[in-house]
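Descriptive analysis of the structure
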Amino acid sequence: MSQRVTIEQLAEWLKARDDIALFGHLSPDGDATGSTLALWHALRAMGKQAMVCLPGGTPSLYDWLPGADRVVDTEAGTLPFVPQTAMSVDVSEHERLGEKGKRLFDSCPFQGVLDHHKTNEGFGQLYVLDGDAAAVGELVVDLIAALGVEMDVKMAECLFVAISTDCGNFNYSNTRPQTFRAAARCVEAGANVAKITEDLYRTRSLGRTRLLGAVLAGLEISPDGKVAWSRLTDEMLRYCGAHREDSEGIINYLLEMIGVEVAVLAMERKEGTKLSLRAKAPFNVARDVALPLGGGGHDCAAGVTLAMPMEDALKKTLTVIRKALQK
Ligand code: 5GP
Ligand code: MN
């Protein structure tokens, strides 16, 4: 049984630990990458041995973050030391650690969890869950303070990226007063907002720009105009000269169309098909679509990976969405 604790209790627990591995989720995003890296800097400032483990390593979108070059690819990399303590950060369930990540997490005698996914039922020995936090980065700001570490500019940059990317740069409905307060702490500690947001939101590679065009060219919409979907195949990545993480954010273009309530982007994976799901409130895409299909996520941003070809996976998902819309 996993015990639910406060951030202060997690801080006390971490103070007593060493040889710490910080884990992010499969297809690491800005929050998973920025939050693990910020905590890594804080633990090192405390004199602890620590490492960040991300499946596939640092996504290239975030390879400029301080410490990104020291990230261990959980799937392929060699470990700098044998960890005794496992801390999962922004990982909604044990499965989302990935195959090697799960094994490494389980091999540690001490296991903690820090997360903000409402669907997280808790794993490891103890967990902190704040389902209202816009990003785990918000919680890491508090955790670093509870650890007694002063936020430096490296932590600040990582945390600003974590917070900003998970709330659509302070645009989504998950943005709350604490989100701004946490971001303000990062700016006070030296995070350069103009530079970071230019890199994140106002700069894109040729490959990503081409991919955006290709995904939008394949757009389909239901007869009532409420559901929009598209496909992203490995073949498209090749001819666009794009990377997998270049898909991030493209689904928003589908959701932002007038009248659309739910958007789906289907992507090829070696396990089958990954479906990214987005909704406009009050439609709850985690509860009504992702969970029934075996996935998870947030009310308005969720996902699931189905072990089936893309067309079958899309058909199945669209059927679940249609039923949910009729409720
Ligand atoms: P994205 O569509 O950006 O990959 O993911 C949005 C959210 O959905 C993530 O924060 C994550 O919680 C959840 N999610 C995405 N893919 C999966 C998946 O394959 N399985 C589960 N359980 N959750 C997912
Ligand atoms: Mn997150």
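Now for the packing of helix H2 (residues 30–45) against helix H5 (residues 153–166). Orientation of H2 relative to H5, taken along the N-to-C sense of each, is 155 degrees, at an axis distance of 7 Å. When the interaxial angle is binned, H2 and H5 end up roughly antiparallel. Read as a crossing pair, H2 and H5 show a hand that is left-handed. Touching Gly-30, Asp-31, Gly-34, Ser-35, Leu-37, Ala-38, His-41, Ala-42 and Ala-45 of H2 are Lys-154, Met-155, Cys-158, Leu-159, Val-161, Ala-162, Thr-165 and Asp-166, all from H5. Residue composition of the contact of H2 with H5, grouped by class: 9 nonpolar, 5 polar and 3 charged.

Turning to the site of ligand 1, a few remarks are in order. In the vicinity of ligand 1 lie 15 residues, with Glu-93, Lys-274, Ser-276, Arg-278 and Thr-305 positioned nearest. In the environment of ligand 1, an oxygen atom lies 2.5 Å from a nitrogen or oxygen atom belonging to the side chain of Ser-276. Between ligand 1 and Arg-278, the relevant distance is 2.8 Å, taken from an oxygen atom to a side-chain nitrogen or oxygen of the residue. Notes on ligand 1: free accessible area 490 Å², of which the protein chains cover 85%. For the shell around ligand 1, the secondary structure elements donating two or more residues are strand S11 (272–279), strand S12 (296–297) and strand S13 (301–306). Considering each element in turn, the shell around ligand 1 owes the most residues, 5 residues, to S13. Lining the shell around ligand 1 are residues from two domains, each supplying at least three of them: domain 1 (3–201) and domain 2 (206–326).

The subject of this paragraph is helix H1 (residues 7–15). Within H1, burial applies to Ile-7, Leu-10, Ala-11, Trp-13 and Leu-14. Along the axis of H1, the buried residues cluster in a sector spanning 165 degrees; they form a single face. Each element contacted by the buried residues of H1 is listed here: strand S2 (20–23), strand S5 (85–89), strand S6 (110–115), strand S7 (126–129) and helix H4 (136–146).

On to the coordination of the manganese ion (ligand 2), then. Note on the manganese ion (ligand 2): its protein donors are Asp-31 (OD), Asp-90 (OD), His-116 (NE2) and Asp-166 (OD). The metal-donor distances range over 2.2 to 2.3 Å. The motif formed by the donor residues of the manganese ion (ligand 2), counted along the single chain, is D-x58-D-x25-H-x49-D. Within this pair, whereas Asp-90 is found in the loop between S5 and helix H3 (99–107), its partner His-116 is found in the loop between S6 and S7, the two being separated by 26 residues in sequence. Owing to a relative accessible area of 1%, Asp-90 belongs among the buried residues under this scheme. Judged by relative accessible area, His-116 falls into the buried class, the value being 1%.

Time to look at the pairing of strand S9 (residues 227–232). As a general feature of sheets, a regular strand has side chains that alternate between the two faces. With 5 of 6 residues buried, S9 lies mostly within the body of the structure. Judged from the 2 bridges that link them, strand S8 (residues 220–221) and S9 form a sheet pairing that is antiparallel. Paired with Glu-220 across the two strands is Trp-229, which belongs to S9. Taken together, S8 and the strand that follows it, S9, pair antiparallel across an intervening segment of 5 residues, in which Gly-225 is found at a positive phi of about 75 degrees. Note: S9 against strand S10 (residues 262–269), 6 bridges, orientation parallel. Looking at S10, one finds that Leu-232 is bridged to Met-267.

Core analysis: the largest hydrophobic core is formed by 52 residues, its most contacted members being Leu-10, Leu-114, Leu-143 and Cys-186. With 7 residues, H5 is the single largest residue contributor to this core. Sequence-distant contacts of Leu-10, defined by excluding residues within four places in its chain, comprise Val-5, Met-87, Leu-114, Val-128 and Leu-143.

Take the domain arrangement of the chain next. Taken domain by domain, the chain comprises domain 1 (3–201) and domain 2 (206–326). Using C-alpha coordinates to define each centre, domain 1 is positioned 26 Å away from domain 2. On the domain 2 side, the residues contacting the 12 residues of domain 1 number 10 residues. Together, the buried faces of domain 1 and domain 2 total about 960 Å²; carbon and sulfur atoms form 43% of this surface. On inspection of domain 1 and its partner domain 2, the count reaches 1 salt bridge. Lys-118 serves as the salt-bridge partner of Asp-299, at 3.8 Å between the closest nitrogen and oxygen. Between domain 1 and domain 2 we count 4 residue pairs in polar contact (both at pLDDT 80 or more) in total. Counted by class, the side of domain 1 that touches domain 2 contains 4 nonpolar, 6 polar and 2 charged residues.

What follows concerns the pattern of salt bridges. Taken as a whole and judged by the stated rule, the model has 13 salt bridges. The closest approach of N and O atoms between Lys-327 and Asp-288, which form a salt bridge, is 3.7 Å. Of this pair, Lys-327 sits in the segment after helix H12 (310–326) while Asp-288 sits in helix H11 (residues 285–293); the two residues are 39 residues apart in sequence, bridging distant segments of the chain. Using a relative accessible area of 75% as the deciding quantity, one classes Lys-327 as exposed.

Thresholds applied
- Per chain, residue numbering runs from 1 following the sequence as it is written.
- Going through the entries in the order they are written, you letter the chains from A and number the ligands from 1.
- The model is predicted, so local features are restricted to residues of pLDDT at least 70 and side-chain atom pairs to those at 80 or more, both for listing and for counting; the totals for chains, interfaces and linings are taken over all residues.
- To obtain the side-chain values, all non-hydrogen atoms of the structure were included, while hydrogens and water were left out.
- Axis lines are fitted through C-alpha atoms, for helices just across the contact stretch, and the angle between N-to-C directions can take any value from 0 to 180 degrees.
- Working definition: helices are DSSP H or I runs of at least four residues, strands are E runs of at least two. Numbering for both runs from the N terminus.
- Throughout, the term roughly parallel applies to angles under 35 degrees, roughly antiparallel to angles over 145, roughly perpendicular to angles from 65 to 115, and oblique to all others.
- Here a crossing is taken to be left-handed if its near helix is turned anticlockwise relative to the far helix by less than a right angle, and right-handed if that turn runs clockwise.
- The contact criterion used throughout is that any non-hydrogen atoms of two residues lie within 4.5 Å.
- Residues are grouped as follows: Ala, Val, Leu, Ile, Met, Phe, Trp, Tyr, Cys and Pro are nonpolar; Asp, Glu, Lys and Arg are charged; all remaining types, including Gly, are polar.
- The near set for a molecule or strand comprises every residue that places at least one heavy atom within 4 Å of it.
- The term polar contact refers here to a pair of N or O atoms within 3.5 Å; inside protein, the definition further demands a hydrogen-donor-capable atom paired with an acceptor-capable atom, and it admits residues adjacent in sequence only when both atoms are side-chain atoms.
- The Shrake-Rupley method, run with a 1.4 Å probe, gives the accessible areas here. Residue values count only the displayed protein chains as cover.
- By convention here, the domain bounds are inherited from an automatic or database domain assignment.
- Any residue under 20% of the maximum accessible area for its type is buried, any over 50% is exposed, and the rest in between are partly exposed; the area is computed with a 1.4 Å probe on protein chains only.
- To obtain the arc, one takes the directions from the helix axis to the C-beta atoms.
- We call an atom a donor if it is N, O or S and sits within 2.8 Å of the metal, or 3.2 Å for Na, K and Ca. Water is not counted, so some sites may look partial.
- In this analysis, strands are considered paired if DSSP registers two or more bridges between them.
- The definition of a nonpolar core used throughout is a set of buried Ala, Val, Leu, Ile, Met, Phe, Trp, Tyr and Cys residues joined through side-chain atoms within 4.5 Å.
- Take the accessible area each of two parts loses on contact, using a 1.4 Å probe, and add the two losses: that sum is the buried area.
- A carboxyl oxygen of Asp or Glu within 4 Å of a side-chain nitrogen of Lys or Arg is what we treat as a salt bridge.

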